[in-house]
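Examining the three-dimensional arrangement
What follows is each chain in one-letter form.
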Amino acid sequence: MSLDRAPTTALARPLTLPNGVVVPNRLAKAAMSECLGDTRHSPTERLPTLYRHWAEGGAGLVLTGNVMVDRRAIGEVGNVAVEDDRDLPLLQQWATAAGSGGAVTLAQLNHPGRQVLLGVGNHPVAPSPVRVTGAAGVFRTPRELSSADIESIIERFARTAGVMVRAGFGGVQIHAAHGYLVNQFLSPLTNQRTDRWGGDLEGRSRFLIEVVRAVRAEVGAGAVLAVKLNSADFQRGGFDNHDAEAVLGWLEEERVDLVEISGGNYESTAFMGVPAEPVAASTRAREAYFLDFAEKVRGRLSVPLMLTGGFRTAAGMAEALESGAVDIVGLARPTALEPDLPRRLLDGSAEATTRTPRQLGIRRFDGMANLLWHTVQLQRMGRGLPPAPDRHPLINLADYSRHYAPYLLNRLSGASR
Ligand SMILES: Cc1cc2nc3c(=O)[nH]c(=O)nc-3n(C[C@H](O)[C@H](O)[C@H](O)COP(=O)(O)O)c2cc1C
């Protein structure tokens, strides 16, 4: 069946960001944590190998998985942490590989805060000492950050941003979604502070805004500065659509170049399409999880919006772009299975992703199992192998465990000293 020309036209149109940088088309390879750092959290050669797959894949915007700003605060085994220039040559190879197809490249910067699995890190920190619930024993109660700690983490975001831009990335994205540290400051469930870093929404947003300012001061106007923000945490009493809309307005005032909309956290994995709270039928019926929110806020904002989560068909992507609700479509899991999907959507030879991951079928674990299952595909590509979408999740689990055993042993032995 041949494609109507309209979808490809909408996807192929370039986009000029507020700072003048031109994204050559409307498809982005969204952030996926590659977990391809070594046991010291330095990047490995597997990263450039993996990113050459995506560079050839045709997306106009390529985001890295989360790069940690502090090697003492790691979210997953194998995370890359960047604190200074010590790994500059490999970071340069990574940036060159990611941009070799002409895409604008962004390094995603993150700090996990309290979302650190036991064994991966044993001294988590957070705005307030509130533990991740729902997985008893797997997460520790975090230590409350002091004001000095907070200032120092803001500086870390700026420093890491500077290194990544010096390495050749076109800019950075601050990860303020999915329940990590910045999101913990934003949410009233996890930020119970009464000082200037907490309280009302303005106080809870201060950390994000100060990170944005510090990063901009470091990288200058020529680098792209993006933020990934939850439309909501999908938890009763958490960061909600109204909060997100207000924060978007403040980010626009800060002249952020792009905001990516997502939702959820480890307690409510809405970003993987598995929220803890029921969502409205109108949202459930949409291909993209957070499209209703983007449509609602679009008219009141001029900052370019990227939407990630659930997009699978050229028609669904084109419709979201044509409606004006969204400026860039983010694709994560489909590009782990079909790294060349953007190119095929753009040239009209694909109408949709054809590969769907195999699920365990246990709702409670499907969000996390899905993450792990895709991580294994990234690792295969990092070794120069093609993705293996048809394998059973349990085989992937074995693969994952084999790859990570040395990391875990290393961390556990470090923690026991
Ligand atoms: C293996 C894996 C790793 C991920 N790592 C990150 C990450 O480092 N940073 C981030 O913002 N989102 C991360 N995500 C979430 C994706 O960026 C995206 O929001 C989510 O997968 C929904 O989009 P999709 O339906 O296109 O997959 C990850 C998702 C997967 C599957």
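A short tour of the structure in this document, coming up.

**Quick word on empty space enclosed by the protein**
In this approach a probe as big as a water molecule rolls over the atoms, and the regions it shows empty are the leftover space. The tally for this structure, following the rule as stated, stands at 1 cavity of 30 Å³ or more. Its boundaries defined by the atoms lining it, the largest cavity holds a volume of some 50 Å³. Arg72, Ala73, Ile74, Pro112, Gly113, Val116, Gly121, Asn122, His123, Pro124 and Val125 are the residues that line the largest cavity. Among the residues making up the lining of the largest cavity, the classes are represented as 6 nonpolar, 4 polar and 1 charged.

**Some thoughts on the pairing of strand E13 (residues 328-331)**
On a regular strand, each side chain points to the face opposite its neighbour's, so the side chains alternate between the two faces of the sheet. Of the two faces of E13, the one carrying Ile328 and Gly330 and the one carrying Val329 and Leu331 are both buried. In terms of strand pairing, strand E12 (residues 305-308) meets E13 through 3 bridges, oriented parallel. Note that in E13 the partner of threonine 308 across the bridge is glycine 330. In this region the chain leaves E12, passes through helix H10 (residues 314-322) and returns to the parallel neighbour E13; the handedness of that crossover is right-handed.

**Considering the nonpolar core**
Ranked by internal contacts, the top residues of the largest apolar core, which has 106 residues, are Phe207, Leu208 and Leu229. Setting aside residues no more than four positions away along its own chain, leucine 208 makes contact with Ile174, Ala176, Val182, Leu186, Val227, Leu229, Val247 and Leu251. Counting 11 residues, the second largest nonpolar core, distinct from the first, contains Cys35, Met68, Ile74 and Tyr404.

**A closer look at the site of the ligand**
Close to the ligand lie 25 residues; Ala31, Ser33, Gln108, Gly310 and Arg333 are nearest. Between the ligand and serine 33, the relevant distance is 2.8 Å, taken from a nitrogen atom to a main-chain nitrogen or oxygen of the residue. Between the ligand and glutamine 108 there is a distance of 2.7 Å, counted from a nitrogen atom to a side-chain nitrogen or oxygen. Surface burial for the ligand is 98%, taken as the share of its 610 Å² of free accessible area covered by protein chains. Those elements giving two or more residues to the shell around the ligand turn out to be strand E4 (61-68), helix H11 (333-337) and helix H13 (363-382).

**A closer look at the environment of histidine 175**
Following the sequence through the fold, histidine 175 ends up in strand E9 (residues 171-176). Histidine 175 sits in the buried class, given a relative accessible area of 3%. Taking C-alpha positions, histidine 175 is 7.6 Å from asparagine 66, a pair spaced 109 residues apart along the chain. Among all residues touching histidine 175, those that are not within four sequence positions of it are Asn66, Gln108, Leu109, Asn110, Tyr180, Val182 and Lys228. Side-chain polar atoms of histidine 175 contact the backbone nitrogen of alanine 177, separated by 3.3 Å.

**Brief notes about unusual backbone geometry**
One non-glycine residue with positive phi stands out, namely cysteine 35, at about 55°. Examined against the element boundaries, cysteine 35 turns out to sit in the loop between strand E3 (27-29) and helix H2 (46-56). For arginine 255, which is not glycine, the phi torsion reads 60° and is therefore positive. Inspection of the secondary structure assignment puts arginine 255 in the loop between helix H7 (241-253) and strand E11 (258-262). Taking the relative accessible area as the measure of exposure, arginine 255 reaches 56% and is therefore exposed.

Thresholds applied
Residues numbered from 1 in each chain as written. Predicted model: local features only at pLDDT ≥ 70, side-chain atom pairs only at ≥ 80, totals over all residues. Heavy atoms only, no water. 1 Å grid on protein atoms, 1.4 Å probe; cavity = no way out; pocket = protein on both sides within 12 Å on 5 of 7 lines; lining within 4 Å. Points joined across faces, edges and corners; volume = space filled by probe spheres on them. Nonpolar A, V, L, I, M, F, W, Y, C, P; charged D, E, K, R; others polar. Buried < 20%, exposed > 50% of the residue type's maximum accessible area, 1.4 Å probe, protein only. Helix = DSSP H or I, 4+ residues; strand = E, 2+ residues; numbered from the N terminus. Pairing = 2+ DSSP bridges. Right-handed = clockwise from strand over helix to strand, strands pointing away. Core = buried A, V, L, I, M, F, W, Y, C linked by side-chain atoms within 4.5 Å. Contact = heavy atoms within 4.5 Å. Near = heavy atom within 4 Å. Polar contact = N/O pair within 3.5 Å; in protein donor to acceptor, adjacent residues only side chain to side chain. Areas by Shrake-Rupley, 256 points an atom, 1.4 Å probe, with all protein chains shown as cover.

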